[in-house]
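Chain residues, written in single-letter form:
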Amino acid sequence: MIILKNVTKIYKNGTEAIKDVSLAIPKGDFAFIIGPSGSGKSTLVKLIMREELATIGDVIVNGYDMGGIDRYQVPHFRRSLGVVFQDYKLLQNKTAYENIEFALQITGVNRRDIHKMVPHLLDVVGLSYKAKAYPDELSGGEQQRVALARAIANGPDLLIADEPTGNLDPKTSIGIIQLLDRINKMGTTVVVATHDSNIVNMMKKRVVILDEGKITNDKMRGQYI
Amino acid sequence: MSATNGLRIIKESFTNLSRNRVLTITSIFTVFLTLLLIGVFGLFLLNIAYNTNALDDMLEIKIFIVPEADIYTLNQINEKLYKDERIASIKYISQEQAFEETKKLFDKDLIDLGLGADFLPASFVVTLHNYDDADYFVETMKAMPEVYKVVYFKDSFEFTAKYSKWVQNISGTLALILAFLAIFLISNTIRLTVYSRNEEVVIMKFMGATESRIKIPFVIEGGLIGFFGAIISFIVIGFAYVKVYSAFVDSSGKDMFLTGLQLAPLKETLLMVFAGFMILGILLGIIGSLMAIRKHLKV
């Protein structure tokens, strides 16, 4: 669950990226955050991931108050979160299997559980047959699927996807969004920051429109006009 | 952290060091040079400390009396020395005591050679209040007909004291500069590793790896650089000390200078150097890493 109360974010250079934004995304919801470049959607995503802190206002994600959270609690908060990036962020020297394995290793999951979980996760994203492939042997869509499998490896309550289809063709993009929808149906809250109107209009989910740092529209079955 | 995780982190650290090979080698070389200098300086000081008694002896003025001198003459000289206000302490060494001391320096019993105590002169060992008077005092003593010889190592003492101070100052300054250089280079090596692994750090961060899990591999890398630098320095210094030791000390373990100076014992010295190098090397590496992490790794 995400709650933003009168949040303003001003960067050190004086740029006011978010202006007095209030927003609530309940558990299990699927929401798109859309808007043109510079509208503040990346900053909003960063505030939710605690990559940035709000200058004014409260940001509460999965029960953690971003402003008051102890730095030693941050890793625990992040384990309740799955993140997908536009550029996939896969380690090039590791196979699809190893990329997912690595994510589990660094959070201290034991080897036996890892060997059970990774094949299952690859199966969820439909890439069991590419387990041994390196990122440069995979297409963009396949790389994003591996990134998705890695993002849900720790069973997060919330999945944040920042422009997940930005580097993909329309057909592959639909496949990724359908996968996100499937993950959402399994109970994970999904927030997608995008400017891809096709997928937003196809999904008919909640759409939060940002413009110049402010929410200009928030509709339950919104459209990207 | 489990043993498997620990091993994995160490393996990661080795891989990263080999990725930035040139900088890694440069850093190891700087640690090596730093420790080499500290080692030479340290061994010098250690040997000085080990020979403190011998050095103190250099300040003593030994007045040897002609072997034919009778007890009456010896008493007269003793009285004269006691009245001299320049003298701080007087110690009398009889012919017999001198003979016993001399026997200790040689393997073969001097008696076997047909020599007895009467061939050695009795002596007075004196120290002065003020060593500015030493030259004049020595000349006065030499002028006495009963005096056979006056031995005073003033020059040797001054040379050693002066040399020791110079070595101390130059080595200290150079070691300090090199230590800073080593920390700076290690810090740079780790900084590059941090940059080259930025993607990995971002993934680890968002997957919920703890701060220590992200930072520890970099600290280990710094520690490894220090460790390898220390090993190489130890091999070089150790080899040199063994060579010097075997050149100056004979198989029976006695010193070959006949000056009373001795080299610090081989085994204990090498053990001390090894422990010191390991601690210092690893410490330099870790400090360098921590500096780079603090400045460039945002978790």
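As the structure is a prediction and not an experimental result, all values here were calculated from the model. (Residues numbered from 1 in each chain as written. Chains lettered and ligands numbered in written order. Predicted model: local features only at pLDDT ≥ 70, side-chain atom pairs only at ≥ 80, totals over all residues. Heavy atoms only, no water.)

**Let's talk about the interface of chain B and chain A**
At the junction of the two partners, chain B supplies 19 residues and chain A supplies 22 residues. Between chain B and chain A, a total of about 1,900 Å² is buried, with carbon and sulfur atoms accounting for 60% of that surface. Taken as a group, B:Ile203, B:Phe206 and B:Met207 account for 39% of the area that chain B buries against chain A, more than any other trio of residues on that side. Seen at the junction of chain B and chain A, the total is 2 salt bridges. (Contact = heavy atoms within 4.5 Å. Buried area = accessible area lost by both parts, 1.4 Å probe. Salt bridge = Lys/Arg side-chain N within 4 Å of Asp/Glu carboxyl O.)

**Describing the sheet that holds strand 3 (residues 123-128) of chain B**
All names here are of chain B. The strand order 2-3-1-4 describes an open sheet built from 4 strands, whose pairing is antiparallel. What marks the edges here is a single partner per strand, and that holds for strand 2 (87-93) and strand 4 (147-152). For this sheet, the mean inter-axis angle between neighbouring strands, taken without regard to orientation, is 20°. Where strand 1 (residues 61-65) and strand 4 come together, 5 bridges link them in antiparallel fashion. (Pairing = 2+ DSSP bridges. Helix = DSSP H or I, 4+ residues; strand = E, 2+ residues; numbered from the N terminus. Axes fitted to C-alpha atoms, helices over the stretch in contact; angles between N-to-C directions.)

**Details of the pattern of salt bridges**
Residue and element names in this part refer to chain A. Scanning the model with the defined rule gives 12 salt bridges over all chains in all. Put simply, Arg206 and Asp29 hold a salt bridge, and the shortest N to O gap is 3.4 Å. Of the two residues, Arg206 sits in strand 9 (residues 206-211) while Asp29 sits in the loop between strand 2 (16-25) and strand 3 (30-34), which places them 177 residues apart along the sequence. Given the relative accessible area of 7%, Arg206 is considered buried. (Buried < 20%, exposed > 50% of the residue type's maximum accessible area, 1.4 Å probe, protein only.)

**A word on the sheet that holds strand 8 (residues 189-194) of chain A**
Residue and element names in this part refer to chain A. Sheet architecture is open: 6 strands sit in the order 6-7-8-3-9-10, paired in mixed fashion. Looking at the sheet topology across the chains shown, the edges are occupied by strand 6 (81-84) and strand 10 (214-219). When the angles between neighbouring strand axes are averaged without regard to direction, this sheet yields 15°. Pairing between strand 3 and strand 8: 5 bridges, direction parallel. Counterpart to Ala31 in the pairing with strand 8 is Val191. Relative to strand 7 (residues 158-162), helix 1 (residues 41-49) is tilted by about 150°, and along the sheet it contacts strand 3, strand 6, strand 7, strand 8 and strand 9.

**Re the confidence of the model for chain B**
Residue-level pLDDT values for chain B average 81, and 85% of them are 70 or greater. Reported for the predicted complex are a pTM of 0.67 and an ipTM of 0.83. (pLDDT = per-residue confidence, 0-100.)

**Focus: the environment of B:His129**
Residue and element names in this part refer to chain B. For His129, the location among the structural elements is in the loop between strand 3 and helix 6 (134-143). Taking the relative accessible area as the measure of exposure, His129 reaches 57% and is therefore exposed. In the structure, His129 is positioned 43 residues away from Arg86 in sequence and 5.9 Å away in space, judged by C-alpha atoms. Those residues in contact with His129, other than ones at most four positions away along the chain, are Glu85, Arg86, Ile87 and Ala88.

**Observations regarding the packing of aromatic side chains**
The full count for this structure, using the stated rule, is 9 aromatic pairs over all chains. Their ring planes at 65° and their centres at 6.3 Å tell us that B:Phe14 and B:Phe228 sit as a pair that is edge-to-face. Of this pair, B:Phe14 sits in helix 1 (residues 3-19) while B:Phe228 sits in helix 9 (residues 211-248); the two residues are 214 residues apart in sequence, bridging distant segments of the chain. On the numbers, 5.1 Å between centres and 45° between planes, the contact of B:Tyr92 with B:Phe124 is tilted. Taken together, the positions of B:Tyr92 in strand 2 and B:Phe124 in strand 3 put the pair 32 residues apart, joining distant regions of the chain. Assessed through its relative accessible area of 37%, B:Tyr92 is described here as partly exposed. Each residue in the set B:Phe14, B:Phe227 and B:Phe228 is aromatic and connected to the rest through ring pairs, giving one cluster. One Lys or Arg, A:Lys89, reaches over the ring of A:Phe85 and ends 5.2 Å from the middle of that ring. (Phe/Tyr/Trp six-rings, centres within 6.5 Å; stacked < 30°, edge-to-face > 60°. Lys NZ or Arg CZ within 6 Å of the ring centre and 35° of its normal.)

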